[in-house]
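# Structure at a glance
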Amino acid sequence: MPAGPDHSTAPSSHRAPDRRALLRAGAGCAVAAVAAPALAACGSAEGVAPDGTVTVELWHGQIDTSKKAIEALVAEFNRTHPKIHVDTGGGSTSDVMLQKVTAALASGSYPDIAYVFGSDIASIARSPRVVDLTTAMRGGPVPWTDYWPSLRDAVTVNGKVRAAPSLVDSMAVVCNKTLFRRAGIPLPQPGWKWAEFIDTAHKLTDASKGVFGTGWPGVGDEDTTWRLWPMVWDLGGEIIGPGGKSIGFADQGRRALETIASLVSGKSVYIDPKPGSAQMYQVFLSGRMGMVMGGPWTLADIITAKVDYTVVPLPSFSGKPVTISGPDTWTVFDNGSARAKAAVEFVRWLIAPEQDVKWDMGAGSLPLSAESARLPAWADHSAKTVGIPVFTKALESARVRPVHPAYPQISQAFGEAVVAILLGRSSPDKAMRQCVEKADAALLIPR
């Protein structure tokens, strides 16, 4: 949501804002509505030169250092593939890509490839203009099973691969070692529990110095909710229950909200009142927050701020490793067979391990596959950057949100419940009952 939230919900200098956050309610309807008008615009030979050179239009959505990274890779591809030219001149930033692509589909003039948040794939894939990549991905240069399980789940809709992975991350806890030393408490260790997280946050809090134990987004967006899903999964819940007619986390969601309530009652949580979590991360960067949940996209700013930090896995209730990942995608659109074939060739080249590692280091993300993670370049990068090995290891147990068109409404309902707890407006029981009512209603809407 992101990464994807997607981007990013972090105030990073190398990632477009709100990468995985702010899922759009009703996006699926918008995409479905434009699908029919788009049909008449497809199948032309536009983009194919007389000598057979094919021009592919890429909307990459990146800014700053990640923009430099993708454009350097595109330039390398263009040099080494003279019959395909990838053009990066169009598009928009990733946080408004869904609206841009939806409008393009409606007009019949859309790109060959677009950077689409994983959380938006369920909606975008309803358009018949989205190319089925099942054969291309499962027969690609990297074995399909070598990609992380969470990533494979994120690009699969109804058993078909509807996009190629572009970016993957995971969530862990970043700790300010200086504040831990001042509080006289040991750093957390893998396998720690949520009860320990709450107790540690209380001990780190020092109101006289404006120091908070931890922070939480307080606007009810995707960045608010996705931090709670690992709790739900660890307790045995599922976001969507068996049969798909109701949610599967009524009890588990209540327990997750009780965890938030414990932080609130101890006055140990900074509540960020604005979308994007920029203020929350800034509090951490300024040395006034002991722990913050984040991903690899946060590290560049933390290093720049010279925070003495370490990274530990998320706590759990069971003691077993569990976290969440917010993969994003390269979605390919059908502008005729020649352009679609060229677009698939470029995407397969781009996500091959040698190029993937260059992109990961430039975009502040993690390797897409175990094969990428084994490359010497990534091993060297991991050895030099505190926390990267923890985030990478977490991919082995990471899960993703369901690729379902009702997910945005479910997330919104749960987000409202979280905000009610953070602001002291409701109890976990009452907030969860209201969440269940709204989320179940969303699942009953025919799609």
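None of these values were measured; they are calculated from a predicted model.

## What about the overall build of the chain?
Along the backbone of the chain there are 20 helices and 16 strands. Counting every position in the chain, which comprises 447 residues, the buried fraction comes to 58%. If you sum the accessible surface of the chain, you get close to 16700 Å²; carbon and sulfur atoms cover 55% of it.

## Overview of the nonpolar core
Formed by 129 residues in total, the largest nonpolar core has its most connected members in W229, F249, W330 and F346. Ignoring anything within four residues of it in the chain, the contact list for W229 reads E222, I239, F249, I324, R401, Y407, I410 and F414.

## Considering the pairing of strand β3 (residues 113-117)
Burial within β3 is extensive, with 5 of its 5 residues counted as buried. Where burial is concerned, the two faces of β3 agree: the one with I113, Y115 and F117 and the one with A114 and V116 are both buried. Summarising the sheet, β3 and strand β15 (residues 328-332) pair through 5 bridges and their orientation is antiparallel. Bridged to A114 within β15 is T331.

## Remarks on the environment of S277
Structurally, S277 is set in the loop between β11 (269-272) and α12 (278-285). Residues S277 and V219 lie 58 residues apart in sequence; the distance between their C-alpha atoms is 9.2 Å. Polar side-chain contacts of S277 include one of 2.2 Å to the side chain of D223.

Quick notes on the rules
- Residues numbered from 1 in each chain as written.
- Predicted model: local features only at pLDDT ≥ 70, side-chain atom pairs only at ≥ 80, totals over all residues.
- Heavy atoms only, no water.
- Helix = DSSP H or I, 4+ residues; strand = E, 2+ residues; numbered from the N terminus.
- Buried < 20%, exposed > 50% of the residue type's maximum accessible area, 1.4 Å probe, protein only.
- Areas by Shrake-Rupley, 256 points an atom, 1.4 Å probe, with all protein chains shown as cover.
- Core = buried A, V, L, I, M, F, W, Y, C linked by side-chain atoms within 4.5 Å.
- Contact = heavy atoms within 4.5 Å.
- Pairing = 2+ DSSP bridges.
- Polar contact = N/O pair within 3.5 Å; in protein donor to acceptor, adjacent residues only side chain to side chain.

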